[in-house]
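Structural characterization, general
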Amino acid sequence: MVKGCIFSIEEFSVYDGPGIRSTVFLKGCPLSCEWCHNPEGQDAGIQIVKSPNGCVGCGACFENAVQENGKTVFMERSIKKCPMKLLRYCGKMTESTELCSKLLANREFLSDGGVTFSGGEPFFQSGFLFECLEQLKGKMHTAIQTSGFCESAVFARATELADHFLFDLKLFDEAQHIKYTGVSNRLILENFRFLAKSGKDLTVRIPLIPGVTDTYENIDGLCRLMSESGIYYAELMPYNKMAGGKYKLLGKTYSPSFDETLTPDIRADIFEKYCIKILVL
Amino acid sequence: MTDKTLNFLQFLKSGEYKKMRKHAESFGECPLTAEKHLESFKTALELCRPVLFAEYDDFGFNRDSDLTMMWGSGNVTPNYLRILNTGFDGVKEQIKQSISNTHNIGRKKYGRMMLSCIDLCLDYSDRFRDEIKDKNDRLYKALLKVPHGPAESFYEACVFIKLCIFFLRLIYTDHIGLGRFDQYMYGFFLADKRRGVSCEELFETLENFFISLNFDTDLYWGMQQGDNGQSMVLGGFDVDGNYLYNELSEMCMKASLELCIIDPKINLRVGKNTPEEVFESATLLTKQGLGFPQYCNDDVVIPGLIKLGYDKHDAYDYVVAACWEFIVPNCGADTPNYHLLDFPLVIGNMIKNELCESKSFDELMEKARLAVANECERLLELGKIVVRVENPLLSVFMDGCIESLLDTWSGGTKYRNLGSHGVGISSAADALAAIKKNVFDEKTISAQQLTDALEMNFEGCEEIRNLLLDSPKMGNNDAYVDSIASELMASFSKHFNNKPNIFGGIWRAGTGSAQNYVYASKTCPATADGRRSGQPYPSSFSPSLETKSAGLLSVIQSFTKYDLSDIINGGPLTIEIHDSVLRNDIGIKKTAQLVKKYIEFGGHQLQLNSVNREKLIDAQKHPENHKNLIVRVWGWSGYFNELDVEFQDHIIKRCEYII
């Protein structure tokens, strides 16, 4: 049995698949999207984070921290000593059996919905993910919210285990994809085509980042891909100015290269041209 | 919304009417006797005559001065329907009949005071009618019929109710709700429809009536602005299991949704057999951010009231009095807010005195049960010192008082039960759970260390406090602590429910807090759940403010484990969801499903608030930009800007863990 590292379970997540769901957030992501609003999901390991609000400046956390490569790293005693309880572990190691029994405890609530695995990128911990899916199979509806970035064989196995996929399509152009997310979209597109062909329940999700993903060329490219794959429904997620909200928690700064103040273009006409129904979330 | 409604609404929101009032010295404490009530009523009416503010106001009966008066009697739901169907002239005849039927001089005298009250109302409404003759023909014509005679149309009935509220509020009656408006007004509504009145006209009347209920509310007595008790109850099951949600219920929901004003506050009676569409239209109302509807679960409340000795048909007719108190309308003169059992304080004192002497957690828990039992005894003793207030006009509205010529609280009504809040249940359970884990199970803190840390208010004991904060908390569906809460509640209801009170009624245990989550907590020392001295308790039946709970599903399960029909004085679970959840139909539908699940799980009362923490913080900094921001406080909704800062802070804190 492998242990997994999760950073949150959100109960009553409304926009992560059909029905009332619980969403499990797995830590670690091979992508580094500029607009990532869950930066604590990027690093695979357990981190200690400090909430920036309410600090009385007593210094107890720093007294118990160590310096590594010129950076302050908080230690367990920093958490214990904070009088305002502003520090906590982000990430928790758990066994799949423990996690699944926790999820199944809410089965009565989730009877019309189920569980969604998100992240980070859930495939980053595919061994753990599969253990969970195997245990939940037949007991609860499962969904995976993914960037689609993983080995084809791993992805194929997932389609056998999970009931529903929430698949992010970001950028159609490979160079652009590398520029804004740090990785090529070759595997992603391959997995997408495979998934569409498999007939599995699939919801496409497109983040609308102003000047990046909401351009005419990009939306047209993505629509073409969807239309060729026989997918005619997409959920659009317009850029939220709160995206940078959690970077301070990690001691990081959020500095996107695109203009945050612009309102993303929905491009409804292009979707219409391809007969793709959209829902703006 | 018609143009007329829109004009009236804008007039309300402009606040111009407040400038039209003349100044009057406010009235002090409520007098006790009926004579003094009558006297003060006369003076009040001279200082505060009914007035029509605007030509599109079809209801009038607004105060022409800024007269305010302190707390008196109330928290009951008068029988409007009986008065609407009889008219004041008819009621006078009934009282005269009762006077001639009795030889008791005291009762005869009380009857005559009832008559004097009604005569004052009639005199003032007649004069008002003549004053507005050229200003509003519709109202003038209605006032030719009511209040002397019975109301015949929906409009006349609304006018009559507005008039009754105007007069009752000027005789030291506060927090009177509107009761089951959709049920008792349905007859007038249907009669109008049969006469050919269109739904549009009826809707316009209803909306304008709702608007008119908002004019004098800033002058009503309350703990905070907005705490005025104008609750309205919609829906509910009858004895045969039919769900009574009619066209008028739907119209009330629609009016409330469209108008977005704080009165009347909607309470929705539901059960596991309530259709999903009702939950969905209610969720649309939640989306408006007004903090209502508040849900009441018939499946739990009705059996609970029957266990407390209410007759079956009365229990099925229950209403929410003002905030969340479950009472019986018309014939119930219950006082559910009599006093409070301060759980964190009671358990805190027990811990201080007993923890170091206790060998096991079981022993400590036994002492906790005993402490609650002793506190119940003390409260019951305290409850023997009761001040009786005699309100002859209110008694006219309460069933039984005209026949007996006795006051509402002096034997006139059928039910005269008293209730007590159960404040801070989750804090107290969390404290005991933290001790169980750290002192007894894991032995990370010694009993002496903990007692000292509490004594020190955690100064220099951050590690201990953080261990306490990291212990199991109510709201995580964790039996470790939820079972402790159940035991505390069981002890409360066992030693309190159905004990006799001096009015000839009984006592009722509840889960509410009212304003005490802020006021009582101020004097409570540090508690073993990690709460510092003076920090607020959670509002009513909710997780502690320091708790980051596992989520809504866990909160609901934690707070429905105990059989809540045992502790049914009232007091809701309060949960906040971020307003972005309700941004489209998907979110509305799923939230409605969640509420239904709560009901199926056996929750008794739910207050679901749609909030946006950033907006609240901004409103605190820039009140000028958020004049219409409405929030739910503890059983009523108010304008955020008009709340004391400590209540604002509490609401912001409540939203901290919402993403």
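What counts, and where the lines are drawn
Residues numbered from 1 in each chain as written. Chains lettered and ligands numbered in written order. Predicted model: local features only at pLDDT ≥ 70, side-chain atom pairs only at ≥ 80, totals over all residues. Heavy atoms only, no water. Helix = DSSP H or I, 4+ residues; strand = E, 2+ residues; numbered from the N terminus. Buried < 20%, exposed > 50% of the residue type's maximum accessible area, 1.4 Å probe, protein only. Contact = heavy atoms within 4.5 Å. Lys, Arg positive; Asp, Glu negative; His and termini not counted. Charge placed at Lys NZ, Arg CZ, Asp CG, Glu CD. Buried area = accessible area lost by both parts, 1.4 Å probe. Salt bridge = Lys/Arg side-chain N within 4 Å of Asp/Glu carboxyl O. Polar contact = N/O pair within 3.5 Å; in protein donor to acceptor, adjacent residues only side chain to side chain. Pairing = 2+ DSSP bridges. Axes fitted to C-alpha atoms, helices over the stretch in contact; angles between N-to-C directions. Core = buried A, V, L, I, M, F, W, Y, C linked by side-chain atoms within 4.5 Å. Right-handed = clockwise from strand over helix to strand, strands pointing away. Parallel < 35°, antiparallel > 145°, perpendicular 65-115°, else oblique. Left-handed = near helix turned anticlockwise from the far one by under 90°. Nonpolar A, V, L, I, M, F, W, Y, C, P; charged D, E, K, R; others polar. Expected span 1.5 Å × (residues − 1). Phe/Tyr/Trp six-rings, centres within 6.5 Å; stacked < 30°, edge-to-face > 60°. pLDDT = per-residue confidence, 0-100.

Section: the overall build of chain A
Each helix and strand counted, chain A has 9 helices and 13 strands in total. Counting only C-alpha atoms, chain A reaches 60 × 45 × 30 Å along its principal axes. Looking at chain A residue by residue over its 281 residues, the buried ones come to 53%. Pairs at least 24 residues apart make up 70% of the contacts formed inside chain A by residues separated by at least 6 positions. Between the mean site of the 31 positive side-chain charges and the mean site of the 34 negative ones, chain A shows a separation of 6 Å.

Section: the interface of chain B and chain A
Facing 28 residues of chain B, the contacting portion of chain A comprises 28 residues. For the chain B and chain A pair, buried surface summed over both sides reaches about 2,500 Å², with 58% attributable to carbon and sulfur atoms. Counting across the chain B and chain A interface gives 3 salt bridges. Lys81 of chain A is the salt-bridge partner of Glu463 of chain B, the closest N and O atoms lying 3.0 Å from each other. At the boundary of chain B with chain A, the tally comes to 19 residue pairs in polar contact (both at pLDDT 80 or more). Of all the elements in the fold, those that place two or more residues in the side of chain B that touches chain A are helix 22 (462–469), helix 25 (552–558) and helix 26 (585–600) of chain B. It is helix 26 of chain B that contributes the most residues to the side of chain B that touches chain A, 7 residues altogether.

Overview of the sheet that holds strand 13 (residues 573–578) of chain B
By way of backbone hydrogen bonds, the strands of a sheet pair with one another, either parallel or antiparallel. Residue and element names in this part refer to chain B. The strand order across the open sheet built from 5 strands is 5-6-7-14-13, with neighbouring strands paired in mixed fashion. Both edges of this open sheet fall to strand 5 (231–235) and strand 13, since each of them pairs with a single strand only. When the angles between neighbouring strand axes are averaged without regard to direction, this sheet yields 25 degrees.

Comments concerning the pattern of salt bridges
All names here are of chain A. What the rule picks out here adds up to 51 salt bridges over all chains. The partner of Arg205 in a salt bridge is Glu235, and the shortest N-O contact between them spans 3.1 Å. Taken as a pair, Arg205 in strand 11 (residues 201–208) and Glu235 in strand 12 (residues 233–238) lie far apart in primary sequence, 30 residues in all. Judged by relative accessible area, Glu235 falls into the buried class, the value being 10%.

With respect to the side chain of Ser256 of chain B
As for its placement among the helices and strands, Ser256 of chain B is situated in helix 11 (residues 247–259). With residues near it in sequence (within four places) discarded, Ser256 of chain B still touches Phe210, Ile266, Leu285, Leu290 and Phe292 of chain B.

So, the environment of Glu207 of chain B
Tracing the chain through its elements places Glu207 of chain B in helix 10 (residues 199–212). Residue Glu207 of chain B is classed as buried on the basis of its relative accessible area, which comes to 1%.

Here we look at the nonpolar core
Counting residues in each nonpolar core, the largest one holds 262 residues, and the members touching the most others are Phe117 of chain A together with Phe181, Met185 and Leu432 of chain B. Among the elements that line this core, the one with the most residues is helix 7 (residues 154–169) of chain B, at 13 residues. Not counting residues up to four positions away in its chain, the partners in contact with Leu432 of chain B are Ile347, Met350, Ile351, Phe361, Leu364, Met365, Ala368, Ile484 and Leu488 of chain B. Within the second largest apolar cluster, 16 residues are counted, among which are Val423, Leu616, Leu643 and Ile651 of chain B.

Concerning the environment of Met20 of chain B
Residues and elements named next belong to chain B. Here Met20 shows up in the loop between helix 2 (16–19) and helix 3 (34–47). For Met20 and Asp64, which are 44 residues apart along the polypeptide, the C-alpha to C-alpha distance reads 7.3 Å. Setting aside chain neighbours within four positions, we find Met20 in contact with Phe11, Phe53 and Asp64.

Here's the deal with the pairing of strand 12 of chain A
All names here are of chain A. When strand 11 meets strand 12, the two strands line up parallel, connected through 5 bridges. The residue bridging Leu208 from the neighbouring strand is Pro238, located in strand 12. Viewed along the sheet, the connection from strand 11 through helix 8 (residues 216–228) into strand 12 turns out right-handed.

Things to note about the packing of helix 20 (residues 425–441) of chain B against helix 23 (residues 479–496) of chain B
Residue and element names in this part refer to chain B. Across the interface, helix 20 lies against helix 23 with an axial gap of 8 Å and an inter-helix angle of 125 degrees. When the axis of helix 20 is compared with that of helix 23, the two are oblique. The interaxial crossing formed by helix 20 with helix 23 has right-handed handedness. Contacts between helix 20 and helix 23 involve Ile425, Ala428, Ala429, Asp430, Leu432, Ala433, Lys436, Lys437 and Asp441 from the first element and Tyr480, Val481, Ile484, Ala485, Leu488 and Met489 from the second.

Points about the packing of helix 9 (residues 186–194) of chain B against helix 11 of chain B
For any two helices packed against each other, the geometry comes down to the angle between their axes and how far apart the axes lie. Residue and element names in this part refer to chain B. Put simply, helix 9 and helix 11 touch, their axes get as near as 10 Å, and they point 100 degrees apart. Classed by the angle they form, the pair helix 9 and helix 11 counts as roughly perpendicular. For the pair helix 9 and helix 11, the contacting residues are Tyr186, Phe189 and Lys193 in the first and Glu247, Leu248 and Met251 in the second. Considered class by class, the residues forming the contact of helix 9 with helix 11 number 4 nonpolar, no polar and 2 charged.

A word on the sheet that holds strand 11 of chain A
Residues and elements named next belong to chain A. The strand order 7-1-2-8-9-10-11-12-13 describes an open sheet built from 9 strands, whose pairing is mixed. Either end of the sheet is taken by a strand with one partner, and the two such strands are strand 7 (92–95) and strand 13 (277–280). Between one strand axis and the next, the sheet turns through 30 degrees on average, direction left out of account. Contacts between helix 7 (residues 186–198) and the sheet are confined to strand 10 (164–168) and strand 11, with strand 10 contributing the most and set at about 145 degrees to the helix. Sheet strands in contact with helix 8 are strand 11 and strand 12, and its direction is about 175 degrees off that of strand 11.

Points about the side chain of Arg205 of chain A
Residue and element names in this part refer to chain A. Residue class for Arg205 comes out buried when judged on its relative accessible area of 2%. At 3.3 Å, the side chain of Arg205 and the side chain of Gln145 are in polar contact. In terms of polar contacts, Arg205 uses its side chain to reach the side chain of Glu235, at 3.1 Å.

As for helix 5 (residues 105–131) of chain B
Compared with an ideal rise of 1.5 Å per residue, which puts 27 residues at 39 Å, helix 5 of chain B spans 39 Å between its outermost C-alpha atoms and is within 8% of the ideal. Two or three places before Gly106 of chain B, at the opening of helix 5 of chain B, Asn104 of chain B has a side-chain oxygen 2.9 Å from that residue's backbone nitrogen.

Some thoughts on the packing of aromatic side chains
What the rule picks out here adds up to 47 aromatic pairs over all chains. Each ring, one from Phe155 of chain A and one from Phe167 of chain A, has its centre 6.1 Å from the other, and the planes form 75 degrees; the classification is edge-to-face. Linking Phe155 of chain A in helix 5 (residues 152–161) with Phe167 of chain A in strand 10, this pair joins segments that are 12 residues apart in sequence. On the accessibility criterion, Phe155 of chain A (0% relative accessible area) is buried. Both rings, one in Phe154 of chain B and one in Phe181 of chain B, keep their centres 6.4 Å apart while their planes meet at 70 degrees; by these two values the pair is edge-to-face. Of this pair, Phe154 of chain B sits in helix 7 while Phe181 of chain B is found in helix 8 (residues 181–184), placing the two residues 27 residues apart along the sequence.

Regarding the confidence of the model for chain A
The pLDDT averaged across chain A works out to 93; a share of 100% of its residues lies at or above 70. Element-level pLDDT for chain A is lowest in strand 5 (residues 71–73) of chain A, with a mean of 86, against a maximum mean of 98 in strand 9 (residues 141–146) of chain A.

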